[in-house]
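Examining the three-dimensional arrangement
Given next are the chains, with one letter for each unit.
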Amino acid sequence: MRVALLTRLIRTIALDRALARVVRRDLSLCCAWFSHAVLLLRLPFTVAYDRPDMELTFAIIKPDAVKARFTGPIIQRIEEAGFQIRAMRLRQLTQKDAEGFYAVHKERPFFASLTTFMSSGPVVVLALEAPDAIKTWRALMGATDPAKAEPGTLRKEFGASIENNATHGSDAPETAAFELGYFFPGIELR
Ligand code: ATP
Ligand code: MG
């Protein structure tokens, strides 16, 4: 009797383990399929780029600067600083476009005003290439608040206020990848 009970117990445990293995395998298969599906869905929104010696950053000439006809002087400064312009478009953002772009700031008190400003007139969006593009472009732009920006920086020269500050630049490689994909989805810059 005891032996029969023990055998049943062992069989049940073995069955449970086998079942658990199947469930684990199916779950990991599901996860793998899901992450592949997410990657495939994201594919049209990524930028194809494979130059290890160079970096891409995303820049905007904001509505205040475009309206004030500073586009030309700012592009001249971009080229003089050694950036190669790899993509460029004049765009009129909708409020929704601006909200999606600045989603990281949605809890900030200035979010509504910032997105209204960003959709108030045309902007110029650019993909800029240089060996250390992200840092170099941020340095050329200067501090967020033009009043605190160093002399010679774009925001000092062309920005009017902490919000109307003439230019935008990605602050990290992940941000640059998101922002380039947001405005130049699927573009190939090899
Ligand atoms: P950007 O992301 O545009 O390159 P940034 O990284 O220097 O600028 P963030 O803190 O990311 O600065 O702010 C995004 C934008 O929000 C600023 O460029 C500016 O237009 C606006 N902004 C930032 N701080 C304020 C503020 N205190 N009041 C109003 N607008 C602000
Ligand atoms: Mg920022």
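Before reading on, note that the structure itself is shown above.
Residues numbered from 1 in each chain as written. Chains lettered and ligands numbered in written order. Predicted model: local features only at pLDDT ≥ 70, side-chain atom pairs only at ≥ 80, totals over all residues.

1. Regarding the site of ligand 1
- By nearness alone, every residue bordering ligand 1 is listed as His105, Phe110, Leu114, Thr144, Ile162, Glu163, Asn165, His168, Gly169 and Asp171.
- Looking at the shell around ligand 1 residue by residue, the class counts come to three nonpolar, five polar and two charged. (Near = placed C-beta within 6 Å. Nonpolar A, V, L, I, M, F, W, Y, C, P; charged D, E, K, R; others polar.)

2. Re the nonpolar core
- Grouped together as the largest cluster of nonpolar side chains are 32 residues, with contacts concentrated most on Ile74, Ala127, Leu128, Trp137 and Leu180.
- Listing elements by their share of this core, those giving two or more residues are β1 (55-61), α3 (71-80), α4 (95-101), β3 (123-130), α6 (133-141), α7 (154-158) and α8 (173-183).
- Here Ala127 is in contact with Leu56, Phe58, Arg86, Ala87, Leu180, Phe184 and Leu189, once residues within four sequence places are set aside. (Core = buried A, V, L, I, M, F, W, Y, C linked by C-beta atoms within 7 Å. Buried ≥ 20, exposed ≤ 12 C-beta atoms within 10 Å, placed from the backbone. Helix = DSSP H or I, 4+ residues; strand = E, 2+ residues; numbered from the N terminus. Contact = placed C-beta atoms within 7 Å.)

3. A word on the sheet that holds β1
- Pairing is antiparallel in the open sheet, where four strands are placed in the order β2-β3-β1-β4. Lying at the two open borders of the sheet, with one neighbouring strand each, are β2 (84-91) and β4 (167-169). In this sheet, neighbouring strand axes are inclined to one another by 20° on average, regardless of whether the strands run parallel or antiparallel.
- When β1 meets β3, the two strands line up antiparallel, connected through seven bridges. Looking at the pairing, Leu56 lines up with Glu129 of β3.
- Where α6 meets the sheet, its contacts fall on β1, β3 and β4, and the angle it forms with β1 comes to roughly 30°. (Pairing = 2+ DSSP bridges. Axes fitted to C-alpha atoms, helices over the stretch in contact; angles between N-to-C directions.)

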